[in-house]
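The lines below spell out each chain.
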Amino acid sequence: MTNPYVPLLFLLALGAGFAVLSVGTSLVVGPKRYNRAKLEAYECGIQPSPHAAGGGRVPIKYYLTAMLFIIFDIESVFLYPFAVAFNQLGLFALVEMVLFVLTVFVAYAYVWRRGGLEWD
Amino acid sequence: MPAVTVSFASALPAAFQATQVDYKAIAPMLVVFGGALLGVLVEAFAPRRLRYLVQVGVAVVALVVAFVVLVTVSVHDQGITLARAVVIDGPALFLQGTLLAITLLSVLTMAERFGGEGPDAFTPMGASVPGSPQEAAALRAGLATSEVFPLTLFSLGGMMLFPAAGDLLTMFIALEVLSLPLYLLCGLARRRRLLSQEAALKYFLLGAFSSAFFLFGAALLYGYSGSVYLSDIAKAVTTASGDLDGLLLPGVVLVLVGLLFKVAAVPFHSWTPDVYQGAPTPVTGFMAAATKIAAFGAILRLVYVGLEANRWDWRGGVIVVAALTMVVGSVLSVTQTDIKRLLAYSSIAHAGFVLVAVLAFDRLGVAGVLFYLVAYSFTTIAAFAIVSMVRQGGSEASHLSQWAGLGRNHPVVAFVFAFLLLAFAGIPLTSGFTAKFAAFAPALAHGGTYGVWLVVIGVLCSVITAFVYFRLIVLMYFTKPVEGVVAEQVSPLTTVAITVGTLATLVLGVVPAQVLELAKSSSLFLR
Amino acid sequence: MSNATFALEALTGIPQHLAALAPATTDNPKADFSDTPWWLSLVKALLIFVYLLLSTLLVIWFERRVIGRMQQRPGPNRTGPFGLLQTLADGMKLMLKEDITPAAADRVVYSLAPLIAATMAFVSFAIIPIGPDVWMFGHHTPLQLTDLPVAVLLVLAVAGIGVYGIVLAGWSSGSTYPLVGGLRSSAQVISYEIAMGLALVAVFLYSGSMSTSQIVAAQSSLWYILPAFFSFVVYVITMVGETNRLPFDLAEGEGELTGGFHTEYSSMRFAMFYLAEYINMFTVSALATTMFLGGWQAPPGIAAINSGMFNHGWWGILWFTIKLWIFMWFFVWLRGSLPRVRYDQFMRLGWKFLIPVTLAWVVAVAFIRGAQLGYLGDSTVGLVGREFPVATLVIVGVIAALALGATWVWEGKQADKVARESAPPPERIDPYAGGYPVPPMPGQELVEPSPAISGSPTPVALKEDTRG
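Residues numbered from 1 in each chain as written. Chains lettered and ligands numbered in written order. Predicted model: local features only at pLDDT ≥ 70, side-chain atom pairs only at ≥ 80, totals over all residues.

**Re the nonpolar core**
Reasoning step 1: Formed by 194 residues in total, the largest nonpolar core has its most connected members in Phe162(B), Val354(B), Val356(B), Val369(B), Phe371(B), Tyr372(B) and Ile386(B).
Reasoning step 2: Top contributing element to this core by residue count: helix 15 (residues 363–389) of chain B, with 19 residues.
Reasoning step 3: Those residues in contact with Val369(B), other than ones at most four positions away along the chain, are Phe296(B), Leu300(B), Val354(B), Ala357(B), Val358(B) and Ala439(B).
Reasoning step 4: With 141 residues, the next largest nonpolar core counts Val216(C), Met268(C), Leu287(C) and Val363(C) among its residues. (Core = buried A, V, L, I, M, F, W, Y, C linked by C-beta atoms within 7 Å. Buried ≥ 20, exposed ≤ 12 C-beta atoms within 10 Å, placed from the backbone. Helix = DSSP H or I, 4+ residues; strand = E, 2+ residues; numbered from the N terminus. Contact = placed C-beta atoms within 7 Å.)

Laid out in structure tokens, this is it:
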């Protein structure tokens, strides 16, 4: 096996095949009895408003969380190569990493103090 | 545990090697970024009442310390460092020093309070009317306006890195670091907020486009040369086999588009008037002066270090751009009725003048650019500071008709402004004249026929802009004053900024020799 | 090495002793796949696939039985021996149910979402080492589908793609409950992914590799649950948050959101989400086993028997499966014991506690590790008959002191809070003090508004104000 990524594709294909096959089978085997009420959204009989799919608004908190995630996740990913190569890099890497983490903490403290982490 | 298989071995990275960092050379940038981080902490933890004072203090101290470090330490420790990503050489240091001085003056003007609690030009909340209960509530809630100082420092950090970038990726990161805080600062105006927010959005969208152009161009150049380092690209241009020549010119053009956008060269100038008009006036001054310095520094490095070898291929386009920039900037400034738009078009024209010097392809050309940037930026800071002083009913009197007769009520302010306008026009005994001379002389000497033509166009355009400025001076001195327009009493901070800017304009016009000499001696790029 | 040398290194950035101390390790996979033809990989993929499906069938039965016992009832015990076939029967039943696509749904995305969720659930298991090298169909091959120098990163990446299944399911259903459930779920997963990623950094610091086989090999003498115990705790918390399991199953809290993102799904598409949830549990548990519990290696006592006989060949599967099921049992235990937390509590725990504390922990581990590697000096001190490196002792002491100080401050704050909350209410209250009327607490006496005749007009005006 030359490329270590190819076996991943095997497992991916198996998983996808299984999922498609079982959903497909249930489509064929399962009953189909049309009923307008059954096709409505799971509510008390009222159309949900605003329309969820392709419209409507969601609370801004979620965008904020997503953006904070991107910032902090990327910062944590920067620690990975550092951690893996730590035993080859020496004291220099340790000092630089501490500086980096301090910088992250500055941003983190700012976000916290300015209310970016409150959830209400 | 050496049980690594052969099949995997081909894809393995080599052993890690720590890069060498010349901390002395990059110390000014570190000080600036450290000051910015400190500012963020102050914003997070200092009590609201103290924040303004502490922030201004931190910013000023950081700038002064960075300047002192640059002058005393970094100049003796030039070199290529951080795995060739950062090049600290003559032009870089010269521009960084200029940027630090200019930003110091900008911070002083941004700190102007006109007797209020926080900086007068900035709003704590985009939706609140100046002086309204909402604004007071926003201030009480801790949405202070002192964030502009760390933002300015971050932007400055990017600007200092921009002309020192040794590879295209660092250059791109510097471009983003300098731009993002500016986008924010543009939208923070306290008065005429819709204009300000529109300006910020326009600047952001167009800036994002130009960044994309730059990045795409950098990708093409990387494809051509196999390296993002400017010196490697230069080597590839002279030695390449020619198979990939199709990538070179598009790459150069796209990268240049990205940079010319930042200096507001025609046809990439359309954002300039709107953004200059909408942004808070101290920020406009900062943008007009500092962004131009940084972006021209980057253009110089890219063009002189990376792309000089094939300049015959792309020079024609930039010549046309330079000519267009001068003509469009000066002609359109004739029709302006808003003082900030007028200064915006004048800054476009000035970008054209600087481009003429860039195209000389000579050490003297570099020196000319450096000197022009110093002269122009000091004058600009002082001019915009005065614009922020002249007010009617509390908000800036930015329409030209409101400036009528200012000379009768406020002779000193009007005189200083007139003097600065004369410098913009390039009248002898002002820095504008020496700067134009320093920019045009190398173009005449080394630019060949095109250089001569560009200089002719430049002189003609100077005449046109001189007409605009003289018209404004006439308006200030020889017409009836408008009711209610006053030049507000400013704090010592702004006074210092205006005084220093004006004095620099005068000194560089009368005894420019030392600065010219410094520009000449620091005009050599390390490759 | 003297202190002056460190300072010099820190300032100049040149590790002067690097060449001397750098160990000849590599961060590349230890597992050797050179004798594994492609068809054998396919067979192994099939085996993993079957292993996962069977485990899922079993764990659902297991969960229902254990929870049943915890709640003093037998749980499913009718279908097959001990009710073992209950899950299979449920699956068959789901297959025979009608597959409903709501009228308001975005049909393409609605169909795609469960497929994404189920497919992505399987992929991560490929890099989990289930056992050492064995002979299989005449080839010497590791009991692991594949390994990469960035294997753990792959797990995080695939988990990230799996979130798409949830988000898209919620978005495309055309209904409010799923939309909110999907949003909550994705916010939850990404919030806890940061702390999870940070927790793993400590392991990488010890192993010097992100390859799973290398990490397992590096634990042959000491499982990382000991040196990185705090990472282990954080990882276990975040893995519950990542898989949306109780007490963190806010995305499908029945009381508020019906079924969460899969409210509108029925039949086999619903089953796909169900399957994905359980396989994800196995994946995070397998990763925990690999990262902290020595992977497929036998427990310390057993490993020593007969010069490591139980650490060879197919035995690995046994140890791996036992460790895996300890985690599964833990999941079930949590579900049986803990109530669901509130969403803001959950986010506060993730953002305000786990992230900063884990970051600090990573720095601490880096220092400990640096001391072990001799970056901070080589001098040792004799203590109780053993030699200890001074730097390590100092670092551990400093960390202990810091932790103690932090706990002290925190406890002081907690005590203040308790004191504040348990302070008896004031005896007299002015009902209009806050601007609007407040009823008195039991035992409190009302301060009557002063009558209008008493002179000063202010109280009257105030009263008018607040009532108008």
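**Details of unusual backbone geometry**
Reasoning step 1: Residue Val266(B) is joined to Pro267(B) through a cis peptide bond whose omega torsion reads 5°.
Reasoning step 2: The residue Phe361(B) is not glycine, and still its phi comes out positive at about 50°.
Reasoning step 3: Positive phi outside glycine occurs at Phe137(C), with the angle close to 50°.
Reasoning step 4: Tracing the sequence through the fold places Phe137(C) in the loop between strand 1 (131–136) and strand 2 (139–143).

**Some words on the domain arrangement of chain A**
Reasoning step 1: Each domain of chain A was delimited in the assignment, giving domain 1 (1–32) and domain 2 (58–113).
Reasoning step 2: Inter-centroid distance (C-alpha atoms) of domain 1 of chain A to domain 2 of chain A is 37 Å. (Domains from an automatic or database assignment.)

**Thoughts on the interface of chain A and chain C**
Reasoning step 1: With 64 residues of chain A at the contact, the number on the chain C side is 88 residues.
Reasoning step 2: Going through the elements one at a time, helix 1 (6–29), helix 2 (60–84), helix 3 (86–89) and helix 4 (91–113) of chain A are the ones with two or more residues in the side of chain A that touches chain C.
Reasoning step 3: Class assignment for the residues of the side of chain A that touches chain C results in 45 nonpolar, 12 polar and 7 charged. (Nonpolar A, V, L, I, M, F, W, Y, C, P; charged D, E, K, R; others polar.)

**Some points on the sheet that holds strand 4 (residues 395–396) of chain B**
All names here are of chain B.
Reasoning step 1: Strand order in this open sheet of 3 strands is 4-3-5, and the pairing throughout is antiparallel. A single partner strand is all that each edge strand has here, and the edge strands are strand 4 and strand 5 (485–487).
Reasoning step 2: Where strand 3 (residues 390–392) and strand 5 come together, 3 bridges link them in antiparallel fashion. In the strand pairing of strand 5, Arg391 is matched with Val486. (Pairing = 2+ DSSP bridges.)

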